[in-house]
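Residue-level structure breakdown
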Amino acid sequence: MKALRLIDWKTDPELVEVPKPTPGPGQVIVKIGGAGACHSDLHVMHDFEPGVMPWKVPFTLGHENAGWVDSVGDGVRSVAEGDAVAVYGPWGCGKCSRCQQGFENYCENPAEAPVVSGGGGLGLDGGMAEYLLVPAERLLVRLPDGLDPATAAPLTDAGLTPYHAIRRSWSKMTPTSTVVVIGVGGLGHIAVQLVKATTSARVIAVDNRQDALQLATQVGADHVVTSDDEAAGAIKDLTGGHGADVLLDCVGAEATIELARTAARPLGDATIVGIAGGSVPLSFFSQPFEVSIQTTYWGSRPELVELLELAARGLVHVESSTYSLDHAAQAYRDLHDGTVHGRAVVVP
Ligand SMILES: [Zn+2]
Ligand SMILES: [Zn+2]
C-alpha cells in the first residue's frame, strides 16, 4: 500500500510503498477514510535534530484518523469489520490511572505505551496511508449515525484539542462572558463553533488573515478583530473595558500569548493551545490579577465521544480541503504556506 512517511528528521515526507499491516491479538486494522494534516506535523518534520524526540524514523505521518474496520485480531470484541470508527490519537499504556480515566494523552507510564508520548503518526505508523494498525480496540470510537470518516477525522485532534480546552473553562463561559479565539485555522474555526454550541458566551475571533476572519464570522463568531498591535485594545473596547473571560490561543507564538494574557479580565483564563513555542516573561504584574495561564495538550477519549455526538447532530462543522493520498505532501506544503481553507484532509 502507499504511505506518506517521514524517512528522516528535518526532511520532507515521501510517498512510498509499504506492506499492508496485519492485526495481532487485540489489534485492529482500519481502512482509512480520512487523515487530517496537522500543523504540529510541520514541527515534527522540520524542527527536531535526530535524538531530540523519543521516536525512531521512518514512520507514516497522520495522527487525525478515521475510517472503517478492515480486520480484527484475536480477542477483539467491541468493533467488527465494516464499522465506521474514529481513532483516538494519543496512545498510552491503557492501565495507569490517567489512561483509566481516558486521558491517554497524559499517560503516566509511557514506557509501557506502544510508543513514548505519541501514537499513530507520532512515532508509530499513522493514517496517511491506505490502512492503519491500531494497537488496541479501546483506541477506537464508533462513529454515531450520520457522521462519515472524512468528516470525523479532523475532529480527533483539530476538534478534540479545543474541545478539551473549552470544557476546562466551561464554568467561566457564562451569558455575560466573552471568549476570545486567537488563530482561526484548523483548530480555531472549530473552537468558535464549540463555544457557541456548548455555552452562552460571546465569541471574538482574532487572526491576521482576512479570509480567516471571514471564516470565523461564517461559523458564528460575534466579532472579529485583526491581529495587530491594536488587538488588545479592540478586545477591551468590545468588553466594556473589562477584557475577555477566556482566551484560547490556538497559535502559541510570543505575540499571541502576550495578547491572550494582556486582554484577559481579572479571574480569567488564558489557555495556550497552539504549539508555536513562543515564550514571554512571567511576573506578578505581567497579567491582570488572578488570570490563570495554562496549557492543554490534546483531549480525553470520553471527550472525543461527546465531540463526535455534537458533530453528528450538526452542531459543529469542519471546513476542509480534500487531498488524495498521491497529493498528501502538497497538503503539508499548503499548510506551511498558510493557504489551506479550514483543515486539510487526505482521503486515500
Ligand atoms: Zn495535531
Ligand atoms: Zn497510561
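Quantities reported herein were computed from a predicted structural model and do not represent experimental measurements. (Residues numbered from 1 in each chain as written. Chains lettered and ligands numbered in written order. Predicted model: local features only at pLDDT ≥ 70, side-chain atom pairs only at ≥ 80, totals over all residues. Heavy atoms only, no water.)

1. Regarding the sheet that holds strand β16 (residues 292-295)
Across the sheet, which stays open at both edges, the six strands sit in the order β13-β12-β11-β14-β15-β16 with parallel pairing between neighbours. The open sheet has two edge strands with one neighbour each: β13 (223-226) and β16. Put simply, the sheet's adjacent strands are angled 20° from each other on average, direction ignored. Pairing between strand β12 (residues 202-207) and β13: four bridges, direction parallel. In the sheet register, isoleucine 204 faces β13, and the bridge partner there is histidine 223. Strands β11 (178-182), β12, β13 and β14 (244-249) of the sheet are contacted by helix α7 (residues 231-238), whose axis makes an angle of about 155° with β13. (Pairing = 2+ DSSP bridges. Helix = DSSP H or I, 4+ residues; strand = E, 2+ residues; numbered from the N terminus. Axes fitted to C-alpha atoms, helices over the stretch in contact; angles between N-to-C directions. Contact = heavy atoms within 4.5 Å.)

2. Quick notes on the pairing of β11
Most of β11 is tucked away, with five of its five residues classed as buried. Residues Thr178, Val180 and Ile182 point to one face of β11 and Val179 and Val181 to the other, with burial holding for every one of them. In this view, the connection linking β11 to its parallel neighbour β12 by way of helix α5 (residues 186-198) has right-handed handedness. Two elements, β11 and β14, share four bridges in a ladder whose sense is parallel. Residue pairing for β14: isoleucine 182 is matched across the bridge by aspartate 249. (Buried < 20%, exposed > 50% of the residue type's maximum accessible area, 1.4 Å probe, protein only. Right-handed = clockwise from strand over helix to strand, strands pointing away.)

3. As for the environment of alanine 111
Considering the arrangement of structural elements, one finds alanine 111 in the loop between α2 (97-100) and β7 (119-120). Take alanine 111: its relative accessible area is 74%, and that puts it in the exposed class. Along the primary structure alanine 111 and glycine 92 are separated by 19 residues, whereas in three dimensions their C-alpha atoms are 9.1 Å apart.

4. Details of the coordination of the zinc ion (ligand 2)
Every protein donor of the zinc ion (ligand 2) is listed here as Cys93 (SG), Cys96 (SG), Cys99 (SG) and Cys107 (SG), and their distances to the metal cover 2.3 to 2.4 Å. Around the zinc ion (ligand 2) sit four donor atoms; with metal-centred angles ranging over 104 to 117°, the donor geometry is tetrahedral. Counting gaps between the donor residues of the zinc ion (ligand 2) yields the pattern C-x2-C-x2-C-x7-C. Of this pair, cysteine 96 sits in the loop between β6 (84-87) and α2 while cysteine 107 sits in the loop between α2 and β7, and the two are 11 residues apart along the sequence. (Donors = N, O, S within 2.8 Å, 3.2 Å for Na, K, Ca; no water. Tetrahedral: all angles 85-135°; square planar, octahedral: opposite > 155°, others 65-115°.)

5. Details of helix α10 (residues 328-337)
Of all the positions in α10, only Ala328, Ala329, Ala331, Tyr332, Asp334 and Leu335 are classed as buried. If you follow the buried residues of α10, they end up packed against β1 (2-6), β3 (28-37), α1 (39-46), β17 (320-323) and β18 (343-346). Residue glycine 338 follows α10 closely and has a positive phi angle near 75°.

6. Digging into the coordination of the zinc ion (ligand 1)
Taken together, Cys38 (SG), His63 (NE2) and Asp157 (OD) make up the full set of protein donors to the zinc ion (ligand 1), lying 1.8 to 2.2 Å away. Each donor residue of the zinc ion (ligand 1) belongs to the same chain, and together they define the spacing C-x24-H-x93-D. With cysteine 38 in the loop between β3 and α1 and aspartate 157 in the loop between α3 (149-152) and α4 (160-168), this residue pair connects regions lying 119 residues apart in the sequence. The same class applies to cysteine 38 as to aspartate 157, namely buried.

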